[in-house]
Amino acid sequence: MNYVNFLKQINNIDGGNWTALASRERDFTLIMVNKQPAIHVIKDNKGKTHCPLYSLNGIEDESLDLVIEFVKSNGQLDANEATTDIAEQFGMIKQFDSAGEVMFSLIEEALTEHANED
């Protein structure tokens, strides 16, 4: 299951709180729930995909079942360009040129939110 299909399915279950920051290089995706990192998918230099989990506090059992299915599946980064472009237009994902830009964006957003709290 690719990450775009995962987002469509889990948002139908969990109220639309899941989004992703993705590399256009198709080597890194950070999946967020309520703007908090939940899962990241990364392809290593040998082409193997890894899918570690972060905190999944407070999600429902049905959502957890889908998360487990996604993590165990193959092809998490195999969403095609047309699909990802449509998902981006609907606000489900935001694409960046590289994995580094994804991480920089996450840090920048966190710093901005922190600055706005003060």
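Above: the structure in question.
To keep things clear, this report deals only with the structure shown in the data block. Because the structure is a prediction, the values reported are computed rather than measured.

1. Brief notes about the packing of aromatic side chains
Thought 1: For the structure shown, the criterion picks out 2 aromatic pairs.
Thought 2: For the ring pair Phe6 and Trp18, a centre distance of 5.8 Å and an interplane angle of 90° mean the geometry is edge-to-face. Taken together, the residues span a long stretch of sequence, with Phe6 in helix H1 (residues 3-14) and Trp18 in strand E1 (residues 18-23) at a distance of 12 residues.
Thought 3: Members of the aromatic cluster, connected to one another through ring pairs, are Phe6, Trp18 and Phe70.

2. Concerning the packing of H1 against helix H2 (residues 61-72)
Thought 1: The interhelical angle for the contact between H1 and H2, taken along N-to-C directions, is 170°, at an axis separation of 10 Å. If you check the angle between H1 and H2, you find them roughly antiparallel. Every residue of H2 that contacts H1 at Tyr3, Phe6, Gln9, Ile10, Ile13 and Asp14 is listed here: Glu62, Ser63, Leu66, Val67 and Phe70.
Thought 2: For the contact of H1 with H2, a count of residues per class yields 7 nonpolar, 2 polar and 2 charged.

3. What about the side chain of Asn11?
Thought 1: As for its placement among the helices and strands, Asn11 is situated in helix H1.
Thought 2: Among the residues examined, Asn11 registers a relative accessible area of 14% and is labelled buried.
Thought 3: Only 2.9 Å separates the side chain of Asn11 from the backbone nitrogen of Trp18, close enough to count as a polar contact.

4. A word on the side chain of Thr29
Thought 1: The topology assignment puts Thr29 in strand E2 (residues 28-33).
Thought 2: When its relative accessible area of 1% is taken as the criterion, Thr29 is described as buried.
Thought 3: Apart from the residues lying within four places of it in its own chain, the contact partners of Thr29 are Tyr3, Ala20, Leu21, Ala22, Ile39, His40, Val41 and Leu77.

5. Some thoughts on the nonpolar core
Thought 1: Core analysis: the biggest nonpolar cluster contains 25 residues, and Tyr3, Phe6, Leu7, Trp18, Ile31, Ile39 and Phe70 have the highest contact counts within it.
Thought 2: Where this core is concerned, the elements lending two or more residues are H1, E1, E2, strand E3 (36-43) and H2.
Thought 3: The biggest single contributor to this core is H1, with 5 residues.
Thought 4: Discounting residues that sit within four places of it in the chain, Leu7 has contacts with Trp18, Thr19, Ala20, Ile31, Met92 and Ile93.

6. With respect to the environment of Cys51
Thought 1: For Cys51, the location among the structural elements is in the loop between strand E4 (49-50) and H2.
Thought 2: Taking relative accessible area as the criterion, Cys51 reaches 14% and is therefore assigned buried.
Thought 3: For the pair Cys51 and Ser73, spaced 22 residues apart in sequence, the C-alpha to C-alpha distance is 9.7 Å.
Thought 4: Once you skip the residues sitting within four places of it in the chain, Cys51 turns out to touch Ile39, His40, Val41, Phe70, Val71 and Gln76.

About the thresholds
- Residues numbered from 1 in each chain as written.
- Predicted model: local features only at pLDDT ≥ 70, side-chain atom pairs only at ≥ 80, totals over all residues.
- Heavy atoms only, no water.
- Phe/Tyr/Trp six-rings, centres within 6.5 Å; stacked < 30°, edge-to-face > 60°.
- Helix = DSSP H or I, 4+ residues; strand = E, 2+ residues; numbered from the N terminus.
- Axes fitted to C-alpha atoms, helices over the stretch in contact; angles between N-to-C directions.
- Parallel < 35°, antiparallel > 145°, perpendicular 65-115°, else oblique.
- Contact = heavy atoms within 4.5 Å.
- Nonpolar A, V, L, I, M, F, W, Y, C, P; charged D, E, K, R; others polar.
- Buried < 20%, exposed > 50% of the residue type's maximum accessible area, 1.4 Å probe, protein only.
- Polar contact = N/O pair within 3.5 Å; in protein donor to acceptor, adjacent residues only side chain to side chain.
- Core = buried A, V, L, I, M, F, W, Y, C linked by side-chain atoms within 4.5 Å.

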